[in-house]
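# Notes for the structure review
As a plain string of letters, each chain reads:
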Amino acid sequence: DVKVTQSSRYLVKRTGEKVFLECVQDMDHENMFWYRQDPGLGLRLIYFSYDVKMKEKGDIPEGYSVSREKKERFSLILESASTNQTSMYLCASSFRQKLSNEQFFGPGTRLTVL
Amino acid sequence: QQQVKQSPQSLIVQKGGISIINCAYENTAFDYFPWYQQFPGKGPALLIAIRPDVSEKKEGRFTISFNKSAKQFSLHIMDSQPGDSATYFCAAILDISSGSARQLTFGSGTQLTVLP
């Protein structure tokens, strides 16, 4: 079974702190994604990566950065956390070449910024 | 702007009833339309998907109906069960031929509750 794991289920940080969210997948997927999920807004893409050291902005990249040094690991970084970044963060991965590009999601990290 | 509009936001159905969730899209370049199901505390998981050259796809109790001319598609859950209670997201994929990842654009989600 495909497994996407996220480093924390719940995280509480203070405004201005630097926050790292880690995601690891074990299926040798080329693509990895970071989304945030907010009620009434669905899932919005923050950043994605289709290869090691490659990254592309999604729909809402402001205030975030990412790092992909190894194929299996994709990190989301909040350089200076703000209260409006309180959200559920979901990581996903997929094969690049498969037509459907089914994305496999981790369980999410609920981040609260005080 | 929201490229995939989903309704209703919430839906309550009696056990055995039919649940219907609707989505509409704007970008005619979308070429694949999956539905994801999310249970509390879990990430979304692919439920069923359809290509725009097909008007209907059925898998068990789940059916997608697709109307290309109206740019609308819907999920029908027949004989709804309490175990179907979850949040459902429609999505659309844009074929980015540049070789980068095919991005999913999600609808806003529908929270389905099936009463026993």
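Above this note sits the structure.
Here the structure is a predicted model, which means the values were calculated and not measured. (Residues numbered from 1 in each chain as written. Chains lettered and ligands numbered in written order. Predicted model: local features only at pLDDT ≥ 70, side-chain atom pairs only at ≥ 80, totals over all residues. Heavy atoms only, no water.)

### Regarding the pattern of salt bridges
All names here are of chain A. Inspection of the entire model under this criterion finds eight salt bridges over all chains. A salt bridge links E69 to K53; the shortest N-O distance between them is 2.4 Å. Taken together, the residues span a long stretch of sequence, with E69 in strand β7 (residues 65–70) and K53 in the loop between β5 (42–49) and β6 (56–57) at a distance of 16 residues. A relative accessible area of 51% places E69 in the exposed class. Since its relative accessible area comes to 54%, K53 is described here as exposed. (Salt bridge = Lys/Arg side-chain N within 4 Å of Asp/Glu carboxyl O. Helix = DSSP H or I, 4+ residues; strand = E, 2+ residues; numbered from the N terminus. Buried < 20%, exposed > 50% of the residue type's maximum accessible area, 1.4 Å probe, protein only.)

### Concerning the interface of chain A and chain B
A common way to express how large an interface is: the accessible area buried when the components associate. Tallying the contact residues gives 23 residues for chain A and 21 residues for chain B. For the pair chain A and chain B, the two sides together bury roughly 1,800 Å², of which 57% comes from carbon and sulfur. There are zero salt bridges connecting chain A and chain B. Here chain A and chain B share four residue pairs in polar contact (both at pLDDT 80 or more) between them. Its residues assigned to classes, the side of chain A that touches chain B comprises 11 nonpolar, eight polar and four charged. (Contact = heavy atoms within 4.5 Å. Buried area = accessible area lost by both parts, 1.4 Å probe. Polar contact = N/O pair within 3.5 Å; in protein donor to acceptor, adjacent residues only side chain to side chain. Nonpolar A, V, L, I, M, F, W, Y, C, P; charged D, E, K, R; others polar.)

### Quick look at the state of the cysteines
Throughout the structure, instances matching the rule amount to two disulfides over all chains. With a sulfur-sulfur separation of 1.9 Å, C23 of chain A is cross-linked through a disulfide to C91 of chain A. Torsion about the S-S bond of the C23 of chain A and C91 of chain A cystine: about -75°, corresponding to left-handed handedness. One end of the pair, C23 of chain A, is in strand β3 (residues 19–25); the other, C91 of chain A, is in strand β9 (residues 87–94), and 68 residues separate them in sequence. Note on accessibility: C23 of chain A and C91 of chain A belong to one class, buried. Residue pairing for C23 of chain B: its cysteine sulfur links by disulfide to C90 of chain B, the two sulfurs lying 1.9 Å apart. (Disulfide = S-S within 2.5 Å.)

None of this, on its own, says anything about what the molecule does.
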